[in-house]
Amino acid sequence: MSRFFATGSDSESEESSSADEITPKATGTTFTKQVLLLSDDEEDTKRVVRSAKDKRFEELTNLIKTIRNAMKIRDMSKCLEEFEQLCRAFVKSKNIVDKEGVPKFYIRLLADLEDYLNQLWEDKEGKKKMNKNNAKALSTLRQKIRKYNRDYETEIANYKENPDQSAEEEEEKDEAESGSSSESDDEGAEEATAKSFLKKEPVPDASKFLKGAVDDESDSDDDEDDEDWGSDAVDSSSESIEGDGTSLAKAFLKKQEDGDRQPERKKEKRKPKQRLERTEEEEAEDLQDEEQGWEKVKGGVPLVKEKPKMFAKGTEINTAVVVKKLNEILQARGKKGTDRAAQIELLHALAAIAAENNLGEGILVKIKFNIIASLYDYNPNLAAFMKADMWKKCLDCIDELLDILFNNNNNIFIGENIAEDSENLAVSDQPFRVRGCILTLVERMDEEFTKIMQNTDPHSQEYVDNLKDEARVCAIIDRLLGYLEAKGSTEEVCRVYLRRIMHTYYKFDYKAHRRSLGLQGGESKSEQDQEESEGEDSAVIMDRLCKFIYAKDRTDRIRTCAILCHIYHHALHSRWYQARDLMLMSHLQDNIQHADPPVQILYNRTMVQLGICAFRQGMIKDAHNALLDIQSSGRAKELLGQGLLMRNMQERNAEQEKIEKRRQVPFHMHINLELLECVYLVSAMLLEIPYMAAHEFDARRRMISKQFHHQLRVGERQPLLGPPESMREHVVAASKAMKMGDWRTCHGFIINEKMNSKVWDLFPEAQRVREMLVRKIQEESLRTYLFTYSSVYDSISMEILSEMFELELPTVHSIISKMIINEELMASLDQPTQTVVMHRTEPTPLQNMALQLAEKLGGLVENNERVFDLKQGVYGGYFNRDQKGGYQQKQGYQREGGGYQQKQGYQRGGGYNNQNQSNY
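Residues numbered from 1 in each chain as written. Predicted model: local features only at pLDDT ≥ 70, side-chain atom pairs only at ≥ 80, totals over all residues. Heavy atoms only, no water.

Focus: the overall build of the protein
For the record, the criterion: To qualify as a helix, a DSSP run of H or I must reach at least 4 residues; to qualify as a strand, a run of E must reach at least 2; elements of each kind are numbered from the N terminus. Categorising residues by exposure relies on relative accessible area from a 1.4 Å probe, with only protein chains included: less than 20% of the type maximum marks a residue as buried, more than 50% marks it as exposed, and the intermediate range marks it as partly exposed. Only heavy atoms enter the contact rule, under which two residues are in contact if any of them lie within 4.5 Å. With residues, only the protein chains shown are counted as cover, and all accessible areas are computed by Shrake-Rupley using a 1.4 Å probe.
A count of helices and strands for the protein gives 43 helices and 9 strands. Counting only residues that meet the buried cut, the protein has 38% of its 920 residues in that class. The contacts of the protein with a sequence gap of at least 6 include a subset with a gap of at least 24, amounting to 64%. Carbon and sulfur atoms make up 50% of the accessible area of the protein, which totals about 54,200 Å².

Some remarks on the pairing of strand β2 (residues 432-435)
As a reminder of what qualifies: Between any two strands, at least two bridges found by DSSP are needed for them to pair.
Alternating residues of β2 divide into Phe432 and Val434, all buried, and Arg433 and Arg435, none buried. Sheet topology places strand β1 (residues 412-415) next to β2; 4 bridges connect them, and they run parallel. Bridging from a neighbouring strand, Ile412 pairs with Phe432 of β2.

Some words on the sheet that holds strand β4 (residues 827-830)
Each strand in a sheet pairs with another by means of backbone hydrogen bonds, the pair being arranged parallel or else antiparallel. Selection rule: Between N-to-C directions, angles span 0 to 180 degrees; the directions come from axes that are lines fitted to C-alpha atoms, helices contributing only their stretch in contact.
In spatial order, the strands read β3-β5-β4; together these 3 strands make up an open sheet with antiparallel pairing. Strands with a single pairing partner mark the edges of an open sheet, and in this sheet they are β3 (795-797) and β4. Put simply, the sheet's adjacent strands are angled 20° from each other on average, direction ignored. Of the pairings in the sheet, the one linking β3 to strand β5 (residues 835-838) comprises 3 bridges and is antiparallel in character. Along β5, the bridge assignment pairs Ser795 with Val837. Against the sheet, helix α42 (residues 809-821) contacts β4 and β5, and its axis sits at roughly 140° relative to β4.

A few points about unusual backbone geometry
Positive phi, normally seen in glycine, also occurs at Arg74, with a value near 60°. On the basis of relative accessibility, which here comes to 40%, the residue Arg74 falls in the partly exposed class. The backbone of Ser574 shows a phi angle near 65°, a positive value even though the residue is not glycine. On the secondary structure map, Ser574 appears in the loop between α28 (556-572) and α29 (576-586). You can call Ser574 partly exposed: its relative accessible area is 23%.

Thoughts on the environment of Phe413
Inspection of the secondary structure assignment puts Phe413 in strand β1. For Phe413, a relative accessible area of 37% corresponds to the partly exposed category. C-alpha separation for the pair Phe413 and Arg435, spaced 22 residues apart in sequence, amounts to 8.5 Å. Ignoring any residue separated from it by four or fewer positions in sequence, one finds Phe413 in contact with Ile418, Pro431, Phe432, Arg433, Val434 and Lys487.

Regarding a nonpolar patch on the surface
For clarity, the cut-off: Residues with no salt bridge and a relative accessible area higher than 30% make up the patches, which join like charges within 9 Å and nonpolar side chains (Val, Leu, Ile, Met, Phe, Trp, Tyr) within 5 Å. Each salt bridge in this description consists of a side-chain nitrogen of Lys or Arg and a carboxyl oxygen of Asp or Glu lying within 4 Å of one another.
Nonpolar side chains collect at one region of the surface, where Leu853, Leu857 and Leu860 lie side by side and expose about 290 Å² of accessible area between them. Topologically, Leu860 is positioned in helix α43 (residues 845-872). For Leu860, a relative accessible area of 49% gives the class partly exposed.

Brief notes about the environment of Thr450
Mapped onto the elements, Thr450 comes out in helix α21 (residues 438-454). Here Thr450 falls in the partly exposed class, since its relative accessible area comes to 27%. Sequence-wise, Thr450 and Phe385 are 65 residues apart; in three dimensions their C-alpha atoms are separated by 9.1 Å.

Overview of the packing of aromatic side chains
Heads up, the rule is: Ring pairs shown here join Phe, Tyr and Trp side chains whose ring centres sit within 6.5 Å, with only the six-membered ring taken for Trp; geometry is labelled stacked below 30 degrees between planes, edge-to-face above 60, and tilted in between.
Under the counting rule described, the total for this entry stands at 18 aromatic pairs. Here Tyr497 and Phe548 contribute two aromatic rings whose centre-to-centre distance is 5.0 Å and whose plane-to-plane angle is 70°, an arrangement assigned as edge-to-face. Pair noted here: Tyr497 is in helix α24 (residues 490-502) and Phe548 is in helix α27 (residues 538-552), with a separation of 51 residues, a long-range link. Where Tyr505 meets Tyr568, the ring centres are 5.0 Å apart and the plane angle is 80°; that geometry is what we call edge-to-face.

Digging into the packing of helix α17 (residues 319-331) against helix α18 (residues 340-356)
As a reminder of what qualifies: When an angle is under 35 degrees it counts as roughly parallel; over 145 it counts as roughly antiparallel; between 65 and 115 it counts as roughly perpendicular; any other value is oblique. For this scheme, ten residues count as nonpolar: Ala, Val, Leu, Ile, Met, Phe, Trp, Tyr, Cys and Pro. Four count as charged, namely Asp, Glu, Lys and Arg, and the remainder, Gly too, count as polar.
Contact pair α17 / α18: the axes reach a minimum separation of 10 Å and the direction vectors enclose 170°. By the angle between their directions, the pair α17 and α18 is classed as roughly antiparallel. The residues of α18 that touch α17, namely those facing Val322, Lys325, Leu326, Ile329 and Leu330, are Gln343, Leu346, Leu347 and Leu350. Grouping the amino acids of the contact of α17 with α18 by side-chain chemistry returns 7 nonpolar, 1 polar and 1 charged.

Some words on helix α20 (residues 388-407)
Going by this rule: The span you would expect from a helix comes to 1.5 Å times its residue count less one.
With 20 residues, α20 should reach 28 Å at 1.5 Å per residue; the first-to-last C-alpha distance of 29 Å fits that figure. All of the buried residues in α20 are Met390, Trp391, Cys394, Leu395, Cys397, Ile398, Asp399, Leu401, Leu402, Ile404 and Leu405. Looking at the buried residues of α20, the elements they touch are α18, α19 (361-376), β1, α21 and α23 (469-487).

A word on the pattern of salt bridges
Applying the stated criterion to the full structure yields 38 salt bridges. Arg495 serves as the salt-bridge partner of Glu443, at 2.8 Å between the closest nitrogen and oxygen. Of this pair, Glu443 sits in helix α21 while Arg495 sits in helix α24, placing them 52 residues apart in sequence. Its salt-bridge partner being Asp478, residue Arg500 comes within 2.7 Å of it at the nearest N-O pair. Of this pair, Arg500 sits in helix α24 while Asp478 sits in helix α23, placing them 22 residues apart in sequence. The buried category is assigned to Arg500, whose relative accessible area is 15%.

Considerations on the nonpolar core
Our working definition: For the purposes of this section, nonpolar cores are sets of buried Ala, Val, Leu, Ile, Met, Phe, Trp, Tyr and Cys residues that join through side-chain atoms within 4.5 Å.
One finds Phe615, Ile750 and Trp760 to be the most contacted residues of the largest nonpolar core, which totals 160 residues. Phe615 has contacts with Ile620, Ala623, Val679, Val682, Ser683, Trp760, Val769, Met772 and Leu773, leaving out every residue within four places of it along the chain. Formed by 36 residues, the second largest nonpolar core is a distinct cluster that contains Phe57, Met71, Leu110 and Leu120.

Focus on the confidence of the model for the protein
To keep things clear, this is the line we draw: Per residue, pLDDT captures the predictor's confidence, and it can take any value from 0 to 100.
Mean pLDDT for the protein: 76, with 70% of residues reaching 70 or above. Note on residues 1-43: pLDDT under 50 across the span, and 40 contacts to partners over four residues away in sequence or across chains. Note on residues 520-525: pLDDT under 50 across the span, and 6 contacts to partners over four residues away in sequence or across chains.

Some thoughts on the packing of α19 against α21
Our working rule: A clockwise turn of the near helix away from the far one marks a right-handed crossing, whereas an anticlockwise turn of less than a right angle marks a left-handed crossing.
With their axes 11 Å apart at the nearest point, α19 and α21 run at an angle of 30° to one another. By the angle between their directions, the pair α19 and α21 is classed as roughly parallel. Judged by the twist between their axes, the crossing of α19 over α21 is left-handed. Only Ile438, Leu441, Arg444, Met445 and Glu448 of α21 make contact with α19, whose side of the interface consists of Phe369, Ile372 and Tyr376. For the contact of α19 with α21, the residue count by class is 6 nonpolar, no polar and 2 charged.

Examining a positive patch on the surface
Using the following cut-off: In this tally, Asp and Glu contribute negative charge and Lys and Arg positive charge; neither His nor the terminal groups of the chain are included. Lys charges are placed at NZ, Arg charges at CZ, Asp charges at CG and Glu charges at CD.
A grouping of Lys124, Lys128, Lys129, Lys658, Arg662 and Arg663 is seen on the molecular surface, where their side chains present a positively charged patch. Of all the secondary structure elements, the ones that give two or more residues to the positive patch are α9 (124-129) and α34 (654-662). Of the residues forming the positive patch, the biggest block, 3 residues, is contributed by α9. Among the structural elements, Lys128 can be located in helix α9. On the basis of relative accessible area, Lys128 is assigned to the partly exposed category, the value being 42%.

Written as structure tokens, this is what we have:
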């Protein structure tokens, strides 16, 4: 049968009726082709008519749903694409939005999307893990949403103030709209069915084809529906055939389902209001109950957490039972899903049971070892630090363990070399033997303290509170030190000595400093006695501990760290010669590059402190040489372990960054980087300015300090020169004044209130350092003046020079004599008249050519020596390089352009880069 005959037209339905076509179909059977194949006319008549508003809003809601799904899976590219489509769809809906207002669901999406993007943007780790497209889409979408939301700031603010209320209003509005649209649909359906039956007599069962009637029928029982449907199918004529087809077709229409579900939705949407009313009533009842003294009990099964029973009732508590229970608890350690806090509580409970039943100190010590280990394992991540409560528990447990060990010093033996089979935990005549290492626990505690300090904001009160725990940490280390000196091995004593040294070397001993300066005259006798009874100086402690390690330690690392800490402590307390000699005798600079990064950081800190100490003592050249390596790299902050510089992800990935952060030095151990840079620049100024004046016209002049020259060039490039503000600008301005021989202006730039507060007042003996600086500025200004203006004078009186630079006459005489001896100044001294007579000895053309030839021959010999040494495999000979290291001084005169240049510098194999050239 053709499709036309299968579906039937209106004319056929009126004239003929076929028995085959009106055969009744039982409910629940499969649909045949006859039912599913509907004509286009019938599809058009049964199509749902929707308003433009519904169509536009449905399009918006579908896009919003897609965006929310993309948000759930963090697909930023999809979010961006759908958001752009949403914006275009919203522009198309402009006429409807102008009439109805901006829909609440649209505002809700804008607010939620902006919050979600901000949250993603702040998650640095998450952003790094994103692929390139998602990261780019996140940045673009964040900018777009921020710009787009400016037009809806008030609506978004209102939504954020009470999001629940706006959601309810939207739901109520949707209810009203769906109700009105359903009513209009019902009316339209009635009109359509009425028109289709105008040609015939009114059919009594026509109400069945109305949507409202279908809703009524859906509320009735299923059995009645089946009976009515069957009777209609049997009794009806061709009109009923059409009715049968259309009613079955309605089963596939969405409106039918929506109509059935509407009452349920209304019920669900009424529930929140009922809950709100309920909660208000409950609050009122609670207030009344509280006034009457009643306490409200929550319904359901009471969630009382009972402590797990350690032992069954009637079990005899002895050492074997407790050890067995301890092993059971420890077996769960490290397994997935284990509650670490509960495990610690169980161990505490087991320790209390053991103490209650007097099972001896041996089992208590073993349980305490495991409690402390569990506290360390509470944070499985190495980078994570212990919380405050866990840290306090850890310190208390270690103190209790040390108390037990001290109280039973001769009755308990502990050590890592004791096997578990040979442990003796029961009370007997034999001493207790427990497997465990108290030193390892204390070392881990010290590392945890460092991590806590690294992860605390250094400018907060919390950092100060945490730093107060260092006294307790040092006290625990001192107690352990006393215990191990009596019972520990040499290796363990060296390890605990190093821990004590690491907490001492960077602290300035003010009491010892005051005693050395004799400032206790104004104090009472009781205060002096109290200070003397408080203990020995830190210098004596450091000397005793370090010398023990030098003599007994077998590992290079502990000895290296002890030497560096000892040098640092000497330099910090201005013992320059002891610090310098210890550094040179140790030869650490030869192989420090093979050490691990923490030791290299300690070496850099020591060299910096050594340079600052030399500066305080007036050893300007030594200070410059010591600080040269660190400052010339431009990475002083990173080399000293005081922070990380911004780098590309190619140079350092996330894992390397985490490792480097764990190496950082806590803030209270930092060296002031501004003070360090100022010391270096002032030292460079005092060396470089006279050298520049002496070789002003020398084309082959070398730079002593590249960083200092860079600062000078930066100062020269500035179009406007105002008064100096930063520390660098002060040094540059002072350098320009010294170049002109104006020592007073130079002194004013280097030493003033601003520089005092930033730099000089931070030194322990600030006034002595300032006096030394003034003296050095006067002397170097005198040398610069003579280099610059010697060509102007035939002779100059030393008395006038003494008055100009406010120096004593013998000092002026000494400086000029050194310059003449070193052939830096071509002059002679006239003793009777106390004048300096200048000599103008210009070299002849022949002498100039001879000098050039000598220079070229020297270069040729040097190159030949290098090639020969490379072939022989030895690098020495010509350079007179001592393979043993040490402070080798290389002196030789090299004639350059009418003057002599003296090469002086300290040579050694590695890190202490001292080969500098100066022309004094």
